[in-house]
Amino acid sequence: MRKVASGFSPMIAVDRKATKPLHKQIYDAFRAMIVGRSLDSGQQVPSTRALAAELRISRIPVLTAYAQLLAEGYFEARVGAGTFICSSLPEQMTSSARRATSTAQVRSGSRPVARRTMLLPPYETFPWVRGFGAFSVSHPAFDQFPFKVWSSIVMRHCRSPQPTALQYGGPMGIEPLREAICTYLRTARAVHCDPNQIMIVTGSQQALEISARVLLDVGSPVWVEEPGYWLTRHVLTAAGCRLIPVKVDTEGMDVAAGIKLCRKARAVYVAPSHQYPLGATMSASRRLQLLDWVQSSGSWIIEDDYDSEYRYGSMPIASLQGLDNHSRVIYIGTFSKTLFPSLRLGYMVIPPDLVDRFAAVRHAADIGPPYFYQAVVTDFINDGHFGRHIRRMRLLYGQRRTALVECLRKEFGSTLDVLGAEAGMHLAVTLPPGFRDQELATRAAREKLWLWPLSPCYLGETSRQGFILGFGSTKETEIPNAVRQLKGLLMGRTVGLKMSI
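Thresholds, definitions, all that
- Residues numbered from 1 in each chain as written.
- Predicted model: local features only at pLDDT ≥ 70, side-chain atom pairs only at ≥ 80, totals over all residues.
- Heavy atoms only, no water.
- Helix = DSSP H or I, 4+ residues; strand = E, 2+ residues; numbered from the N terminus.
- Phe/Tyr/Trp six-rings, centres within 6.5 Å; stacked < 30°, edge-to-face > 60°.
- Buried < 20%, exposed > 50% of the residue type's maximum accessible area, 1.4 Å probe, protein only.
- Lys NZ or Arg CZ within 6 Å of the ring centre and 35° of its normal.
- Pairing = 2+ DSSP bridges.
- Contact = heavy atoms within 4.5 Å.
- Axes fitted to C-alpha atoms, helices over the stretch in contact; angles between N-to-C directions.

Visitor: I tried to follow unusual backbone geometry on my own but got confused; where do I start?
Guide: Across the chain, the bulk of peptide bonds are trans and the bulk of non-glycine residues have phi less than zero. At the junction of Glu 226 and Pro 227, the peptide bond is cis and its omega measures out at 5° in the coordinates. Following the sequence through the fold, Pro 227 ends up in the loop between β4 (221-226) and α9 (230-238). Along the chain, Tyr 276 connects to Pro 277 via a cis peptide bond; the corresponding omega equals 10°. Note on placement: Pro 277 falls in the loop between β7 (267-270) and α11 (284-297).

Set out below in structure tokens:
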């Protein structure tokens, strides 16, 4: 049985001067809320004693109303538990409520919304996003996370919370976490910053949203990677920007092509360390070319340092922000891949002269980030657990990446092109002509194989068909079977295709 939240007192008003008896007022109020679905099936209602005390009336009218509701099947009593809304209400009762709601909406007249929201596609969860298992994208190795250590830190903060933990915080986040992140970024990512430039955010989406509000106007042209991360496009579209798709190749974003398309773009969004979805690392020459362009054009770079912690074939690549001598880069990073996604904790490094503007926009949006997990992550970093965890995961993901590449080559040879396997927690494969990745991904999800299609990552008409294959949460021993399952899917043994690999 579904558990329904309980312990809430319903909104019931009684009028002692009315001609209608008190018990009938209570009965009518409950019945209207049940029929209108304000009260859920299985939801507990207050005891007669508690409701009488809240309404400041005698208990007798409440007892009378409850008896009638029980007799008519609106309430049900459970021995030793209390009184509940009946778990099996008649269908005609709920359908009449739906008709009433529909009629009310028709009569409400014009319902205008902002034009820019209509530019966004409807929210939907695709089949390949729902699952957890082979090839799921953006899933770390949750079973390898040091939960015992993490839990001990959480409990330490739960047992003795500081008064500051229960108050509103500032828009930039707590200073100890900003200091810890600053040390990490200076050391591991060659970022030029001090703690006063760091803002704690809920993730890269919020960082981009705040950046758009500060830097961009409606109609501002912005370079975006082609193909690129679809949620990035949604944020910029909602901000009213004009998106300029700039192609990505093996050296990352083609800066020369971007200049030809729109020399006076206001900003560029780029993930130079491990581009999503193709996994390219931007070459040194293109990084310098991009920095020269933004300085000469007065533009901004929004750098998403996506998957930068995990490189397998070479040394870590320094951040683009670390090469910037003119404070033209807004740097974004998160703990979603290094810790876990539901933590919803990230950070951004803001040019010194823009800190006050970013802080003002953040304060207007949600005042500031929640305190508790900021404090937990601070201790996790300062006690050395974060650095050890990254080193362990880099080794583990490197082994899983090698196993996946070898299995793909063994099963497919040169039929599938493998892209972006040098870093991160995913790689991409492109399909031969004739295959439709979204159709295949939908069918694969029915078999618990989570293939993220490549084609939706393209903004323009020209797109490649393929898949984004995550390997972070797939055990090395499970990879060979998952690749064979992928091969069977493409050969048509499971989906009935007439093509062969």
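Okay, back to it.
Visitor: Could you clarify how one ought to interpret the packing of aromatic side chains in this entry?
Guide: For any pair of aromatic rings, geometry is given as the distance between the ring centres together with the angle between the planes. Taken as a whole and assessed by the stated rule, the structure comprises 21 aromatic pairs. Ring geometry for Phe 145 and Trp 150: centres 5.6 Å apart, planes at 70°, overall edge-to-face. Comparing Phe 145 with Trp 150, the two get one shared label, buried. With a centroid separation of 5.4 Å and 65° between ring planes, the pair formed by Phe 335 and Tyr 347 is classed as edge-to-face. Of the two residues, Phe 335 sits in the loop between β9 (329-334) and β10 (346-349) while Tyr 347 sits in strand β10, which places them twelve residues apart along the sequence. With respect to class, Phe 335 is no different from Tyr 347; both count as buried. Taken together, Phe 145, Phe 147, Trp 150, Phe 340, Phe 372, Tyr 373 and Phe 380 form an aromatic cluster joined through their ring pairs. The residue whose ring lies beneath Arg 78 is Phe 84, and the NZ or CZ to ring-centre distance is 3.9 Å. If you follow Arg 328 out to its NZ or CZ, it ends over the ring of Trp 300, 5.0 Å from the centre.

Visitor: Sorry if this is basic, but what is going on with the sheet that holds strand β5 (residues 242-249) here?
Guide: Within a sheet, neighbouring strands are paired by backbone hydrogen bonds and run either parallel or antiparallel to one another. Taken in spatial order, the eight strands make up an open sheet running β3-β10-β9-β8-β7-β4-β5-β6, and their pairing is mixed. Lying at the two open borders of the sheet, with one neighbouring strand each, are β3 (198-201) and β6 (252-253). When β5 meets β6, the two strands line up antiparallel, connected through two bridges. For Val 248, the partnering residue across the bridge sits in β6 and is Met 253. Strands in contact with helix α8 (residues 204-215) are β3, β7, β8 (300-304), β9 and β10; relative to β9, the strand with the most contacts, it is inclined by about 160°.

Visitor: Looking at this structure, how should I read the pairing of β9?
Guide: The two faces of the sheet receive side chains in turn, since in a regular strand these alternate between them. Most of β9 is tucked away, with six of its six residues classed as buried. Because side chains alternate across β9, one face comprises the buried residues Val 329, Tyr 331 and Gly 333, and the other comprises Ile 330, Ile 332 and Thr 334, equally buried. The sheet contact formed by β8 and β9 spans four bridges and is parallel. Paired with Ile 302 across the two strands is Ile 330, which belongs to β9. In this structure, β9 lies alongside β10, joined through four bridges in antiparallel fashion.

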